[in-house]
Amino acid sequence: MNKTPILKLNNSDDVVIARTELPSGSWLESESMETRDLIPAGHKIALRDIPAGSAVKRYGQIIGFATRDIRQGEHIHVHNLGMGSFERDYAWGIDSHLPEKDVHQDTFMGIRRKDGRVATRNYIGVLSSVNCSATVVRAIEDHFRTRGLSDYPNVDGIVALPQSFGCAFGSDSEMMKVMRRTMAGYATHANFAGIVIVGLGCESFQIKDMMNAHGLHESPVFHTMTIQESGGTRNAIEKGISFILDMLPEANNVKREPVPVSEIILALECGGSDSYSGISANPALGYAVDRLVRQGGTAILSETSEIYGAEHLLTRRAISREVGEKLIRRIKWWEEYCKRTGSEMNNNPSAGNKAGGLTTVLEKSLGGIAKAGTTSLMDVYEYAEPVTAK
């Protein structure tokens, strides 16, 4: 059993990671040094003297720069490590490769829709187009939650998606375009057998504009309404309930069947990360992603702001320079966004991330991209754009 109290991830690293809390003066046999400070579990210890301004590496990659002289055995964290600019070698596509396809094909019990897409769930969605209609969509959901769906065993639930936007921004603004894409994506999601969209009526986000922009049309399983046209909140709730009651027989008329895992699109999202995430849970997800991709499935690494500082490792895996450059354009967009809003990319990690040993967004990102496995980056999308690449 490995009793070593530290982890060294790469021979070129300037730090090791404490596996457990280490008191000041702890002797680290493998590195022939002792700690100068109390080192919390998951936090970094300097392997050597590091002059102020020098780059500090973990995973063999830069995670920040010393803000003062750091002595061997010192605790490295927010008090002596900060952000700094440095050149990235994008090495477009140098590590790109198409994996060997598995001969064996796994399956799962899915629902194949009429348009050929596969669903993992069979919901009816109730969407609010603006914060003002959030109460109505929640009330519609609550009606069916309290009464149950025992007569419709193939319907997994009525799901409300309230949200806090929809008004007080321009009809041609970037925010409006993103919101229209997002709403259209939910409205056409394979996991929804039916949709009801509820607005107030006078908001900036007009449901009809979104539908026209994305070629959507009302149908027996796709209804829209506004509270103002319905005659108030109570009438809108009753109208929404009526729409869903009419949809339920059609929504229930499905059956699950074995479908190949190549139909799966796996979403990868950061959660409550700490220093261990990048060497435990995230690589485990990456292994699962590689297995999925070998069987023709798809995985999406989301949150551009949480790959910042590791993007050069993804461009190496880009299927083409064009795809790699699309990723860098997203990175540049975030940098410009931060400039014009007076914010910074390093406002992430969160307080909890830092308590767990993560110091900069560069460090968090290097652990975060482990979720994406090792296969090629096939395409890059803007927020809520439909994903078509495999």
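Just so it is clear, the model here is predicted, and its values are computed rather than measured.

Caption draft 1: Inspection of the sheet that holds strand 16 (residues 257–260) at higher detail. Strand order in the open sheet formed by 3 strands is 11-10-16, with antiparallel pairing between adjacent strands. Edge positions in the sheet fall to strand 11 (118–119) and strand 16, since each has one partner strand and no second. Two strands pair when backbone bridges link them, and strand 10 (residues 107–112) and strand 16 are joined in this way by 4 bridges, in the antiparallel orientation. Bridge assignment links phenylalanine 108 to a residue of strand 16, and that residue is valine 259.

Caption draft 2: Highlighting helix 6 (residues 281–294). Here helix 6 spans 20 Å end to end across 14 residues, near enough to the 20 Å set by a 1.5 Å rise per residue. Of the positions making up helix 6, those classed as buried are Asn282, Gly286, Val289, Asp290, Leu292 and Val293. All buried residues of helix 6 lie within an arc of 160° about the axis, which places them on one face of the element. Where helix 6 is buried, its residues contact strand 17 (265–268), strand 18 (298–301) and helix 10 (361–368). Looking one or two residues beyond helix 6, the residue adopting positive phi is glycine 296, at roughly 90°.

Caption draft 3: View of the packing of aromatic side chains. For the coordinates displayed, the defined rule picks out 5 aromatic pairs. Between tyrosine 90 and tryptophan 92 the ring centres are 5.1 Å apart and the planes differ by 40°, which places this aromatic pair in the tilted class. Overall, tryptophan 92 belongs to the partly exposed group, its relative accessible area being 25%. For the pair tryptophan 334 and tyrosine 337, a centre-to-centre distance of 5.4 Å together with 75° between the ring planes defines the contact as edge-to-face. Of this pair, tryptophan 334 and tyrosine 337 both sit in helix 8 (residues 321–341), 3 residues apart, which is roughly one turn of that helix. Here the aromatic cluster, defined as three or more aromatic residues joined through ring pairs, consists of Trp333, Trp334 and Tyr337. Taking NZ or CZ as reference, lysine 326 lies 6.0 Å from the ring centre of tyrosine 381, over its face.

Caption draft 4: Just the side chain of asparagine 122, in detail. In this fold, asparagine 122 is placed in the loop between strand 11 and strand 12 (123–128). From its side chain, asparagine 122 meets the backbone oxygen of alanine 251 in a polar contact 2.8 Å long. Other than its neighbours up to four places away in sequence, asparagine 122 contacts Ile111, Arg113, Asn154, Val155, Asp156, Gly157, Asn191, Ala193, Ala251, Val254 and Arg256.

Caption draft 5: Structural view of the nonpolar core. Formed by 30 residues in total, the largest nonpolar core has its most connected members in Ile50, Val56, Ile76 and Leu377. Listing elements by their share of this core, those giving two or more residues are strand 2 (15–18), strand 7 (61–66), helix 8 and helix 10. Setting aside anything within four residues of it in sequence, one finds isoleucine 76 in contact with Val15, Lys44, Ala46, Ile50, Val56, Ile70, Leu81 and Thr359. Counting residues in hydrophobic clusters, the runner-up holds 25 residues, among them Ala160, Ile244, Met247 and Ala251.

Caption draft 6: A look at the sheet that holds strand 7. An order of 6-7-9 is seen for the 3 strands of this open sheet, with the pairing classed as antiparallel. Strands with a single pairing partner mark the edges of an open sheet, and in this sheet they are strand 6 (55–58) and strand 9 (81–82). Sheet analysis places strand 7 next to strand 9, joined by 2 bridges and oriented antiparallel. Bridged to phenylalanine 65 within strand 9 is glycine 82. Sheet strands in contact with helix 10 are strand 6 and strand 7, and its direction is about 165° off that of strand 7.

Caption draft 7: Region of interest: the pattern of salt bridges. Overall, the coordinates contain 20 salt bridges when judged by the stated rule. As a salt-bridge pair, glutamate 311 and arginine 88 come within 3.2 Å of each other at their nearest N and O atoms. Of this pair, glutamate 311 sits in helix 7 (residues 311–315) while arginine 88 sits in the loop between strand 9 and strand 10, and the two are 223 residues apart along the sequence. Given a relative accessible area of 2%, glutamate 311 falls into the buried group. Between aspartate 379 and lysine 326 there is a salt bridge; the shortest N-O distance is 2.6 Å. Of this pair, aspartate 379 sits in the segment after helix 10 while lysine 326 sits in helix 8, and the two are 53 residues apart along the sequence. The exposure class assigned to lysine 326 is partly exposed, which follows from its relative accessible area of 24%.

Caption draft 8: Focus on the pairing of strand 18. Direction of pairing for strand 17 relative to strand 18: parallel, over a ladder of 4 bridges. Residue pairing for strand 18: isoleucine 265 is matched across the bridge by threonine 298. A crossover connection joins strand 17 to the parallel strand 18 through helix 6; in handedness this β-α-β unit is right-handed.

Caption draft 9: Summary view of a nonpolar patch on the surface. On the surface, Leu98, Ile319 and Met378 cluster together into a nonpolar patch covering about 270 Å² of accessible area. Here leucine 98 lies in the loop between strand 9 and strand 10.

Caption draft 10: A look at the pairing of strand 2. Judged from the 2 bridges that link them, strand 1 (residues 6–7) and strand 2 form a sheet pairing that is antiparallel. Counterpart to isoleucine 6 in the pairing with strand 2 is alanine 18.

What counts, and where the lines are drawn
- Residues numbered from 1 in each chain as written.
- Predicted model: local features only at pLDDT ≥ 70, side-chain atom pairs only at ≥ 80, totals over all residues.
- Heavy atoms only, no water.
- Pairing = 2+ DSSP bridges.
- Helix = DSSP H or I, 4+ residues; strand = E, 2+ residues; numbered from the N terminus.
- Expected span 1.5 Å × (residues − 1).
- Buried < 20%, exposed > 50% of the residue type's maximum accessible area, 1.4 Å probe, protein only.
- Arc of directions from axis to C-beta.
- Contact = heavy atoms within 4.5 Å.
- Phe/Tyr/Trp six-rings, centres within 6.5 Å; stacked < 30°, edge-to-face > 60°.
- Lys NZ or Arg CZ within 6 Å of the ring centre and 35° of its normal.
- Polar contact = N/O pair within 3.5 Å; in protein donor to acceptor, adjacent residues only side chain to side chain.
- Core = buried A, V, L, I, M, F, W, Y, C linked by side-chain atoms within 4.5 Å.
- Axes fitted to C-alpha atoms, helices over the stretch in contact; angles between N-to-C directions.
- Salt bridge = Lys/Arg side-chain N within 4 Å of Asp/Glu carboxyl O.
- Right-handed = clockwise from strand over helix to strand, strands pointing away.
- Patch = residues over 30% accessible without salt bridge, like charges linked within 9 Å, V, L, I, M, F, W, Y side chains within 5 Å.
- Areas by Shrake-Rupley, 256 points an atom, 1.4 Å probe, with all protein chains shown as cover.

Shape descriptors only; they carry no functional weight alone.
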